[in-house]
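# An overview of the molecular structure
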Amino acid sequence: MLGLIVITVGLGPWVWPLPAKLIDLGARNAGPGWAHPLGTDQLGRDLLAQLLAGGRVSLAVAGAAMIVSISLGTALGVLSGMFRWLDGPLMRLTDLFLALPVLPLLLITVALFRAPLSAALGPETGIFILIVLAIGATSWMSTARILRGEVRALMARDFIRAARSTGTRNGAMITRHVLPNIIGALTVSATLGVASAILMESALSFLGLGFPPDMATWGRLLLDGTAHLGNHPGRALWPGALITATALAVTWLGDGYRDQNDPRHHAR
Amino acid sequence: MLSYALRRLAFALPTLLTISVVVFALMALAPGDPMAQLPLTIPAEVRAEMRSALGLDAPLHQRYGMWLWQMVVIEPRVAIEALLGIEGNDATRILSWQTRGPVFQLIAQRLPQTLTVLGLAYVLGIAIALPLGIWSAYRHNSAFDRVANGIALLGVAVPPFFSAAILIYIFAIRLDWVPSIYDTTLAVTDWSSAWAQVRQMALPVVVLSLQTTAQITRYMRAAMLDALGQDYIRAARAKGLSERAVLIGQAARNSMIPVVSVIALGVPQIFAGAIITEQVFGVNGIGQLLITSLQANDLPTVQTITMLLAVLIVLANLVADLAYGLLDPRVRYE
């Protein structure tokens, strides 16, 4: 199902050629039909085309935010797992970030920094970078904690001691021995990170603090659709269903992967 | 136990202090200008006067110190004096830029709405989740377990703004059982207005408790599964205890230890969820206050609410730690 969503959204313009921003005032508030399979909104924009375009933005944000948070989490987790003297300060930092009220802080960051950034980089790139960085910077903590545990367990193993005795330097140690051995845990937290980033981005958009209105993401479409829930329920239900389905599919993927790799689950 | 509690407390204070610096710095260093929305026709010297009236011309560390002093000393003092009925204190409180009134007064106005909806949702969520988790662990892999687990997974994955939209569509628009907008001016005076209050609270409470229920059910089920596999359960059964006594007295009691801390840690989360839910249903609570003051660039209000949420998170962590230490003596001697 995830594959289906990603492929359809990725191939958006080929699947459904109508441009998302095309305003057709003659076909305002149209119901589902051949010309517009899911109907149109109050400006006559095609909902299917908007969903596909919005999905590309939402998935791109989620993917990029996941990469930011995983990189941060891996760096901190590996460092504090490998070096005792870094462990204390880095874990205190993690605890501190865990105690931050994330949603209010994200709202504040986006609200305060959006104008200057979009002036500097253009409205779309500016806000894209801002949202990706903000979500990434506030969601790396669980990755760091999990990886720290994994790395610490790894450091006590014999092959690490063997590698150290042959004079392997720290850099090579990380890339050659540590990272390949924690790739499983890394993948699981990456998938879970994508799911939470999708939900976070749509929450921001839903509160009106995401992308500008003409650059529709799923959360934005849901916000616009909620106002017309009475007459045109499809406008809110479709984007919402897509958000939920994507988040669920990604979570299942992560859960399934963990079950496969965790021997404790097999035993049960 | 006392030294354990003190150690936890000793860690909480520097955390809060650092968070306050982060929250303040983020807002003070943001490139936005609170004067930006004023007309350009205002002359520069008037603008400068307005800035100093808001206290914006003071250096950063001074503004931070002032804010902290107001948060920690002045506001609690005002609250205590209000409780005791002492008048005539004219200390400078934290003022909202939007209303020019004290921020804590705004918060006090908004808090009851948030607390009634949130509190009810949380209590309801816990009351449903605990039996659900216990029973689905007891009947592991049965049809009941599968259905409950599926619903719990759905409850975690469906964002509140979408479950709210679905519920509004079904119950408010199609069936017309409940209003879709929360009316805060409604005063409960007789039975019919009480019923109206119940009806308008139904949807926000259900949306919020859905998430709580889903999360706590999953934890409860996992903890129960762990507990039911232990030797002392077999011993209890061998001793001839009834299934009921084994389930409630032995397994549930032990698996409550981690669940209690999950319940404590969930409190700040549900406050964050309330930001969205209040926006959807138009409940004029704390979350809506945060959003409106954010849009109006009312930094003192935003700072204060964010800081209060941070305090709530740290407190919840502290309560979770202490509860864990109280319930499980092994934790105290780490």
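Residues numbered from 1 in each chain as written. Chains lettered and ligands numbered in written order. Predicted model: local features only at pLDDT ≥ 70, side-chain atom pairs only at ≥ 80, totals over all residues. Heavy atoms only, no water.

### With respect to the confidence of the model for chain A
Rule in force here: pLDDT expresses, on a scale from 0 to 100, how confident the predictor is about each individual residue. Each helix corresponds to a stretch of at least 4 residues labelled H or I by DSSP, and each strand to a stretch of at least 2 residues labelled E; elements are numbered beginning at the N terminus.
The pLDDT averaged across chain A works out to 76; a share of 77% of its residues lies at or above 70. Mean pLDDT across the elements of chain A ranges from a minimum in helix α13 (residues 263-267) of chain A, with 49, to a maximum in helix α7 (residues 141-155) of chain A, with 85.

### Re the interface of chain A and chain B
Interface size is commonly expressed as the accessible surface area that is lost when the partners come together. Selection rule: When checking whether two residues touch, look at their non-hydrogen atoms; a contact exists if any pair is within 4.5 Å. Buried area is a sum: the accessible area each of two parts loses on coming together, probed at 1.4 Å, counted once for each and added. Salt bridges are identified by distance alone: a Lys or Arg side-chain nitrogen within 4 Å of an Asp or Glu carboxyl oxygen. Polar contact criterion, stated in full: a pair of N or O atoms within 3.5 Å, where within protein one must be able to donate a hydrogen and the other to accept it, and residues adjacent in sequence count only if both atoms are side-chain atoms.
Chain A puts 38 residues into the contact, and the matching count from chain B is 41 residues. Contact between chain A and chain B buries roughly 3,400 Å² in total, counting both sides, with carbon and sulfur atoms accounting for 86%. Interface area lost by chain A to chain B is led by Ile108, Leu112 and Leu207 of chain A, which between them contribute 16%. For the interface between chain A and chain B, the tally reads zero salt bridges. Our enumeration of links across chain A and chain B arrives at zero residue pairs in polar contact (both at pLDDT 80 or more). For the side of chain A that touches chain B, the secondary structure elements donating two or more residues are α4 (84-98), α5 (102-121), α10 (183-206) and α12 (234-261) of chain A.

### Structural notes on the domain arrangement of chain B
Stated formally: Domain start and stop positions are those given by an automatic or database domain assignment.
When its domains are assigned, chain B resolves into domain 1 (2-84) and domain 2 (111-296). One C-alpha centre belongs to domain 1 of chain B, the other to domain 2 of chain B; they are set 35 Å apart.

### Describing the pattern of salt bridges
Selection criterion: The rule is simple: take the accessible area with a 1.4 Å probe, protein chains only, and divide by the maximum for that residue type; under 20% is buried, over 50% is exposed, in between is partly exposed.
This structure, assessed with the given rule, holds seven salt bridges over all chains. With a shortest N-O distance of 2.7 Å, arginine 221 of chain B and aspartate 145 of chain B are connected by a salt bridge. Of this pair, arginine 221 of chain B sits in helix α7 (residues 191-228) while aspartate 145 of chain B sits in helix α5 (residues 143-157), and the two are 76 residues apart along the sequence. For the residue pair arginine 221 of chain B and aspartate 145 of chain B, the accessibility class agrees, reading buried in each case. Arginine 237 of chain B is the partner of glutamate 243 of chain B in a salt bridge, and the nearest nitrogen-oxygen pair spans 2.8 Å. Taking the relative accessible area as the measure of exposure, glutamate 243 of chain B reaches 33% and is therefore partly exposed. Residue arginine 237 of chain B is classed as partly exposed on the basis of its relative accessible area of 37%. The network of salt bridges with shared partners includes Asp87, Arg148 and Arg152 of chain A.

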